[in-house]
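Tertiary structure, described
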Amino acid sequence: MKNEVFLVYKRGARKGKPGYSEKDYSAPHKEGGKVIEGMKEWVSWYCFRKKEDGTYEAELDEAWSWGGGHNEGGTICNKIPEEWFKLSFEEFLEKLITLSSAAHYGFTADELKEIEGLKGFFEFK
């Protein structure tokens, strides 16, 4: 079995393509709890991975800039706890957005619930 990827969002994706959203998943940049003026951070992509061993991960790539140029960022990857799969799908999604800073950037459980194929990807009935 090969790793499977379910793309939720990709910045710059064209309408009708995987990962497209009209919503801008960005936030003011904070350091030490303070908003840094003139800085913005955003999501480059947000996806879920089913690994060869059957476990799942949430992955979000974030970036931030000073005045327009891309200067910093990184990919946040967290294993989805196996016990979460015993929850209802709605409860699972509420927990899921707490991983990899998804809620920080504006992703919601209600949005994820509306994504076609996500429930099946996570093998919920």
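None of these values were measured; they are calculated from a predicted model.

Some points on the layout of surface pockets
- Quantified by volume, the largest pocket comes out at close to 160 Å³.
- Surrounding the largest pocket, Phe-6, Leu-7, Val-8, Tyr-9, Tyr-20, Ser-21, Tyr-25, Phe-107, Glu-111, Leu-112 and Ile-115 form its lining.
- Broken down by element, the lining of the largest pocket gets its largest block of residues, 4 residues, from strand E1 (residues 4–10).
- For the lining of the largest pocket, the per-class residue count stands at 9 nonpolar, 1 polar and 1 charged.

Some remarks on helix H1 (residues 89–96)
- Along H1, the residues that are buried comprise Phe-89, Phe-92, Leu-93 and Leu-96. The arc enclosing the buried residues of H1, seen along the axis, measures out at 100 degrees, which places them on a common side.
- Structurally, H1 contributes buried residues whose contacts are with strand E3 (34–50), helix H2 (109–113) and helix H3 (118–121).

Describing the confidence of the model for the protein
- Chain-level statistics for the protein give a pLDDT mean of 91 and a share of 94% at 70 or above.
- Across the protein, the element-wise mean pLDDT spans from 82 in strand E5 (residues 69–79) up to 98 in H1.

Focus: the state of the cysteines
- One pass over the full model with this rule turns up 0 disulfides.
- We note that Cys-47 lacks a disulfide partner, and the nearest cysteine sulfur, in Cys-77, lies 7.8 Å from it.
- Taking the relative accessible area as the measure of exposure, Cys-77 reaches 37% and is therefore partly exposed.

With respect to the nonpolar core
- Of all hydrophobic cores here, the largest spans 28 residues; its most connected members are Tyr-46, Phe-48, Ile-80, Phe-107 and Phe-122.
- Within the residue set of this core, elements represented by two or more residues are E1, E3, strand E4 (56–66), H1, H2 and H3.
- The leading source of residues in this core is H1, at 4 residues.
- Here Ile-80 is in contact with Phe-48, Tyr-56, Glu-57, Ala-58, Phe-85, Phe-92, Leu-96, Leu-99 and Phe-122, once residues within four sequence places are set aside.

Description of the packing of aromatic side chains
- According to the stated counting rule, one finds 18 aromatic pairs in the structure shown.
- Taken together, a centroid distance of 5.4 Å and an interplanar angle of 50 degrees make the contact between Phe-6 and Phe-121 tilted. Of this pair, Phe-6 sits in strand E1 while Phe-121 is found in helix H3, placing the two residues 115 residues apart along the sequence.
- The exposure class of Phe-6 is buried, given its relative accessible area of 14%.
- Residue classification places Phe-121 among the buried positions, given a relative accessible area of 11%.
- Taking 4.5 Å as the distance between ring centres and 50 degrees as the angle between the ring planes, the aromatic pair formed by Tyr-46 and Phe-107 counts as tilted.

What about the environment of Glu-123?
- Examined against the element boundaries, Glu-123 turns out to sit in the segment after H3.
- As for Glu-123 and Glu-83, which are separated by 40 residues in sequence, their C-alpha atoms are 14 Å apart.

Quick look at the environment of Arg-11
- In this structure, Arg-11 sits in the loop between E1 and strand E2 (26–31).
- The class for Arg-11 is partly exposed, based on a relative accessible area of 32%.
- Sequence separation between Arg-11 and Thr-98 is 87 residues, and the spatial gap between their C-alpha atoms is 20 Å.
- Sequence-distant contacts of Arg-11, that is, excluding residues within four places in its chain, are made with Asp-24, Tyr-25, Lys-40, Trp-42, Val-43 and Ser-44.
- A distance of 3.1 Å separates a polar atom in the side chain of Arg-11 from a polar atom in the side chain of Asp-24.

The rules behind these values
Every residue gets a number counted from 1 within its own chain, in the order that chain's sequence is written. Only residues with pLDDT of at least 70 are given local features in this predicted model, and only at 80 or more are side-chain atom pairs given and counted; all residues enter the totals for whole chains, interfaces and linings. Hydrogen atoms and water are omitted, and side-chain values are computed over all heavy atoms in the structure. Residues are called lining when one of their atoms sits within 4 Å of a cavity or pocket point, these points coming from a 1 Å grid over the protein atoms alone, where a cavity is a set in which a 1.4 Å probe fits but cannot get out and a pocket is an open set with protein on both sides within 12 Å along at least five of seven lines. Grid points are joined across faces, edges and corners, and a volume is the space filled by probe spheres set on the points. Secondary structure elements follow DSSP: runs of H or I of four or more residues count as helices, runs of E of two or more count as strands, with numbering from the N terminus. In this classification, Asp, Glu, Lys and Arg are treated as charged, Ala, Val, Leu, Ile, Met, Phe, Trp, Tyr, Cys and Pro as nonpolar, and every other residue, Gly included, as polar. Working definition: with a 1.4 Å probe on protein chains only, accessible area under 20% of the residue-type maximum means buried, over 50% means exposed, and in between means partly exposed. In this description, one arc is meant: the one made by directions from the helix axis to the C-beta atoms. In this description, contact between two residues means that some pair of their heavy atoms is separated by no more than 4.5 Å. pLDDT is a per-residue confidence score from the predictor, ranging from 0 to 100. By convention in this document, the label disulfide applies to cysteine sulfur atom pairs within 2.5 Å. As used here, the term nonpolar core means buried Ala, Val, Leu, Ile, Met, Phe, Trp, Tyr and Cys residues forming a set that is joined through side-chain atoms within 4.5 Å. Classification of ring pairs uses Phe, Tyr and Trp, with its six-membered ring standing for Trp, and accepts pairs whose centres are within 6.5 Å; under 30 degrees between planes counts as stacked, over 60 as edge-to-face, and the remaining range as tilted. Within 3.5 Å is the distance limit for a polar contact, defined as a pair of N or O atoms, with the added protein rule that one can donate a hydrogen and the other accept it, and that residues adjacent in sequence qualify only through two side-chain atoms.

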